[in-house]
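# Survey of secondary and tertiary structure
So you can see what is in the structure, the chains are spelled out below.
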2 protein chains.
Amino acid sequence: MSRTLYSLCGTDRARPFSPHCWKVVMALKHKGLAYVEQPLPFTAISEIEGGVSKTVPVLRDGDRLVADSFAIALHLEQAYPERPSLFAGEGGKAMARFVESYSQTTIHPAVTRIAIQQIHDMLDPHDQAYFRESRKERLGRTVEEVAAGRDAEIRDFPATLKPLRHMLGHQPFIGGQAPLFADYIVFGALQWLKITSGSVHLPADDPVLDWFERCLDLHDGEARRIA
Amino acid sequence: MSRTLYSLCGTDRARPFSPHCWKVVMALKHKGLAYVEQPLPFTAISEIEGGVSKTVPVLRDGDRLVADSFAIALHLEQAYPERPSLFAGEGGKAMARFVESYSQTTIHPAVTRIAIQQIHDMLDPHDQAYFRESRKERLGRTVEEVAAGRDAEIRDFPATLKPLRHMLGHQPFIGGQAPLFADYIVFGALQWLKITSGSVHLPADDPVLDWFERCLDLHDGEARRIA
C-alpha cells in the first residue's frame, strides 16, 4: 500500500521543518509504518492531491487522505490498532488534546518570535513573499519587527517549558515510561525550533533537554537525520 | 468500612479550601465512595493519624492510609476498578501528571499571589504565624509585599488558562466528553481561588468559566456547597 506524507520545506528539500509534520513523522515511526515524505514549499500546499487542504501535514494512506496532525494520529490509531498505541487509551487521547493546546498556545508563539527571520530566510523567494504577508496579517508586525525582540524571547524561552520540566521529576516521558503522541506534539515544536534556529535554546543541565535528546534517539534516531 | 478525608480549613471549618483536598473530594465523589471529611488547621496536620504526613490531603480508607492527592487518586483507581475510572487508561494516568505539573507551575503561583492576604485572614492566629513564616521562606517576601501586586496578578490571571481555553474548543472536559481526575486537578486550583478570594477572576464570556461551572454541577453540585 502506498503511503505519502506531504510536509513543508524551504529551499532545501532535505530539511523539512514544520512542527506538525514532525509529529506525524514520529507517529508513523511509532507505528512502524513505511512512507515516503514529500516536502513542499508553503505556496505549493494548495496543489496537494487536488487541493484537499490549506495546511500540511497531509497523509495519503492507500485510498484514504487525512489532513491535520491530530486527525492523522487518530486515523493511524484506528487503522492500525494492533501496532503500538499512540494514546494508550481514551484518557490519553483526550489529554493529548490538552498537551496540543499547551504546545500551541505557549511554545509555538515563542518559537515564532525566536525563529521568524531564520524561517523567512530558509524559504524560496516566492514563499518569502507569502510568509511576509501572512505573518504580518497574523502577528500585526513585520518579520523584522518581530525578530527585533529575539534575544529577550530566547531568554524567556525556558520558562514556557516549566510544566514539562516539573513533570519530568515524576516520569521520563509525557506518555509515562515510554513516549506517546503527546510527547511527539511537544517534540515537534522543539524540533521546529532546532531546525530553523540551530538550537533549542535550553541550558545544558535542563531536564527538558535530556527529554529532547531521548526523543531524538527514538526510532533509530529518525529525528537526528536533520542536522 | 470507615473512610476519612483529612483536609485543610481556616477558622471556619465549613469552608475547606485546599486545592489538593478538593481534587480528592471530587475523586471520591467520582468513584461514588462515602467518606467523612475532617478539616484541620495547618498546624494540626502533623498530628493526623500519628503524624503520617506533613501535608494534606490524607485519606484513611479502611486499614489503608494514603497521603498526597495524586497518590490517593491512584489508590482509588486501583482499589475500586469496577467504579468509574479516574484516568481512562494508562495514557490518561501518565498525562494527568502533565496536567498536574501545568497546574502547579502556572495556576498555583498565580492564585497564591492573588489570594495570599485573604488566605492569611481566614486562618486562626496560631496558623497565621505559621503561614507568615512559611510563605516568607518560600516566596522571599512577606504576605503584605506579595499582596501589593494583587491587581496586576488578577489582570494577568486569565492568560494562565490559555491551554485549557484552547482545548475547550475541541471538547468539554480535559477528560474528553466527561471529566476525569485531570479536570479535578485544575478545578481544585480554581475552587481554591474562589473560596479564598470570592471569585475565579475570569470574564463572563470565558469558556473556562463555563467549564468551571460544569465542574461545580458535577456529583449533585458537591462543590457548590461552599459559597
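What counts, and where the lines are drawn
- Residues numbered from 1 in each chain as written.
- Chains lettered and ligands numbered in written order.
- Predicted model: local features only at pLDDT ≥ 70, side-chain atom pairs only at ≥ 80, totals over all residues.
- Heavy atoms only, no water.
- Helix = DSSP H or I, 4+ residues; strand = E, 2+ residues; numbered from the N terminus.
- Rg over C-alpha atoms; globule rule 2.2 N^0.38 Å.
- Buried < 20%, exposed > 50% of the residue type's maximum accessible area, 1.4 Å probe, protein only.
- Contact = heavy atoms within 4.5 Å.
- Areas by Shrake-Rupley, 256 points an atom, 1.4 Å probe, with all protein chains shown as cover.
- Lys, Arg positive; Asp, Glu negative; His and termini not counted.
- Charge placed at Lys NZ, Arg CZ, Asp CG, Glu CD.
- Phe/Tyr/Trp six-rings, centres within 6.5 Å; stacked < 30°, edge-to-face > 60°.
- Buried area = accessible area lost by both parts, 1.4 Å probe.
- Polar contact = N/O pair within 3.5 Å; in protein donor to acceptor, adjacent residues only side chain to side chain.
- Nonpolar A, V, L, I, M, F, W, Y, C, P; charged D, E, K, R; others polar.
- Least-squares fit on C-alpha atoms with pLDDT ≥ 70 in both.

Under an unreviewed UniProt entry, the name given to chain A is GST N-terminal domain-containing protein, and the organism recorded is Ciceribacter selenitireducens ATCC BAA-1503.

Another aspect to go through is the overall build of chain A. Along the backbone of chain A there are nine helices and four strands. Secondary structure elements of chain A occur, N-terminal to C-terminal, as β-α-β-β-β-α-α-α-α-α-α-α-α. Computed over its C-alpha atoms, the radius of gyration of chain A comes to 17 Å, within 12% of the 17 Å expected for a compact globule of 227 residues. Oriented by its inertia axes, the alpha-carbon framework of chain A measures out at about 50 × 45 × 30 Å. Considering chain A as a whole, with its 227 residues, one finds that 56% of them fall into the buried category. Long-range contacts, defined as pairs at least 24 residues apart, comprise 69% of the intrachain contacts of chain A with a sequence gap of at least 6. Total accessible area computed for chain A in this model is approximately 9,300 Å², and 51% of it derives from carbon and sulfur atoms. Placing the 26 positive and 29 negative side-chain charges of chain A at their respective mean positions leaves the two points 2 Å apart.

Our next topic: the packing of aromatic side chains. Residue and element names in this part refer to chain A. Applying the stated criterion to the full structure yields 15 aromatic pairs over all chains. Ring geometry for Phe187 versus Phe212: centroids 5.2 Å apart, planes at 25°, classification stacked. Remark: Phe212 occurs in helix α9 (residues 207-221) and Phe187 occurs in helix α8 (residues 181-197); sequence separation between them is 25 residues. Phe212 matches Phe187 in its accessibility class, with the two residues each being buried.

Attention now goes to the interface of chain B and chain A. Between chain B and chain A, the contact holds 30 residues from the first and 30 residues from the second. For the pair chain B and chain A, the summed buried surface comes to about 2,300 Å²; carbon and sulfur atoms form 73% of the total. Among the residues chain B hides against chain A, the three largest losses belong to Met95, Phe98 and Thr105 of chain B. Together they make up 30% of the total. Our count for the chain B to chain A interface comes out at 10 residue pairs in polar contact (both at pLDDT 80 or more). Of all the elements in the fold, those that place two or more residues in the side of chain B that touches chain A are α3 (90-122) and α7 (162-167) of chain B. The element that contributes the greatest number of residues to the side of chain B that touches chain A is α3 of chain B, accounting for 15 residues. Of the residues that constitute the side of chain B that touches chain A, the class distribution is 14 nonpolar, 12 polar and four charged.

With that settled, the discussion passes to the relation of the copies chain B and chain A. Of the transformation superimposing chain B on chain A, the axial component is 0.0 Å and the angular component is 180°, with the fit at an RMSD of 0.0 Å. On the angle and the small slide along the axis, the relation comes out as a two-fold axis. Identified as the residue of chain B closest to the rotation axis by C-alpha distance is Gly92 of chain B, at 2.0 Å. Both copies share a contact surface, since 100% of the interface residues of chain B are interface residues in chain A too.

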